[in-house]
Amino acid sequence: MKVRANNWYTYRPALYDVIDPCTTLASGERVQVRKVRGCPPPNTMQHAHVFDSAGKFRGLVSTHSLVRE
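Owing to the predicted nature of the structure, the values given are computational and were not obtained by experimental measurement.

1. Regarding the sheet that holds strand β4 (residues 57-62)
Here we have 5 strands laid out as an open sheet, ordered β4-β3-β2-β1-β5, and antiparallel in their pairing. Every other strand in the sheet has two partners, leaving β4 and β5 (66-67) as the edge strands with one partner each. Bridging between strand β3 (residues 47-51) and β4 involves 5 bridges; their strand directions are antiparallel. The residue bridging Ala 48 from the neighbouring strand is Val 61, located in β4.

2. Examining the pairing of β3
Counting buried residues along β3, 5 of its 5 residues qualify, which places the element largely inside the surrounding structure. Taking every second residue as pointing to the same face, both faces of β3 are buried, with His 47, His 49 and Phe 51 on one and Ala 48 and Val 50 on the other. Here β3 folds back onto β4, and the loop between the two strands holds 5 residues, one of which, Gly 55, carries a positive phi near 90°.

3. Some remarks on the pattern of salt bridges
Taken as a whole and assessed by the stated rule, the structure comprises 2 salt bridges. Here Glu 29 makes a salt bridge to Arg 58, at a shortest N to O gap of 3.2 Å. Linking Glu 29 in the loop between α1 (15-19) and β2 (30-34) with Arg 58 in strand β4, this pair joins segments that are 29 residues apart in sequence. Residue classification places Glu 29 among the partly exposed residues on the basis of a relative accessible area of 24%. Salt bridges sharing partners connect three or more residues here, namely Glu 29, Asp 52 and Arg 58.

4. Notes on the packing of aromatic side chains
Applying the stated criterion to the full structure yields 1 aromatic pair. Ring centres of Phe 51 and Phe 57 lie 5.4 Å apart, and the angle between their planes is 65°; this geometry places the pair in the edge-to-face category. Here Phe 51 falls in the buried class, since its relative accessible area comes to 11%. The ring of Phe 51 has Arg 34 sitting right over it, with the charged end atom 4.5 Å from the ring centre. Above the ring of Tyr 9, the side-chain terminus of Arg 68 is found at 5.8 Å from the ring centroid.

About the cut-offs
The numbers attached to residues start from 1 for each chain and follow its sequence in the written order. Under the rules for a predicted model, residues below a pLDDT of 70 receive no local features and side-chain atom pairs below 80 are neither given nor counted, while totals for whole chains, interfaces and linings still include all residues. Calculated side-chain values reflect all of the structure's heavy atoms, with hydrogen atoms and water omitted. Any two strands between which DSSP finds at least two bridges are classified as paired. Strands here mean DSSP runs of E at least two residues long; helices mean DSSP runs of H or I at least four residues long; both are numbered from the N terminus. Only protein chains enter the accessibility calculation, which uses a 1.4 Å probe. A residue is then buried if its area is under 20% of the maximum for its type, exposed if over 50%, and partly exposed in between. Salt bridges are defined by distance alone: a side-chain nitrogen of Lys or Arg within 4 Å of a carboxyl oxygen of Asp or Glu. The pairing test for Phe, Tyr and Trp rings, Trp by its six-membered ring, is centres within 6.5 Å, and the orientation test on the planes gives stacked under 30 degrees, edge-to-face over 60, and tilted for anything in between. As a reminder, the over-ring test applies to NZ of lysine and CZ of arginine, requiring each to be within 6 Å of the ring centre and within 35 degrees of the ring normal.

Shape descriptors only; they carry no functional weight alone.
Set out below in structure tokens:
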């Protein structure tokens, strides 16, 4: 799935994120995809940096784990 920066998504871990988690997110949490300075933009190698509603960085996840609702 192609995601856009600054949009909100629901995290539903795909197989890649289940096998090799790079985050402490739980299934069903709402996250925001952001462009992080000095890092590749969202969708590079089908990954994106995500932040919670408080603005805290939560990790790097596969874009296949993000669902737009």
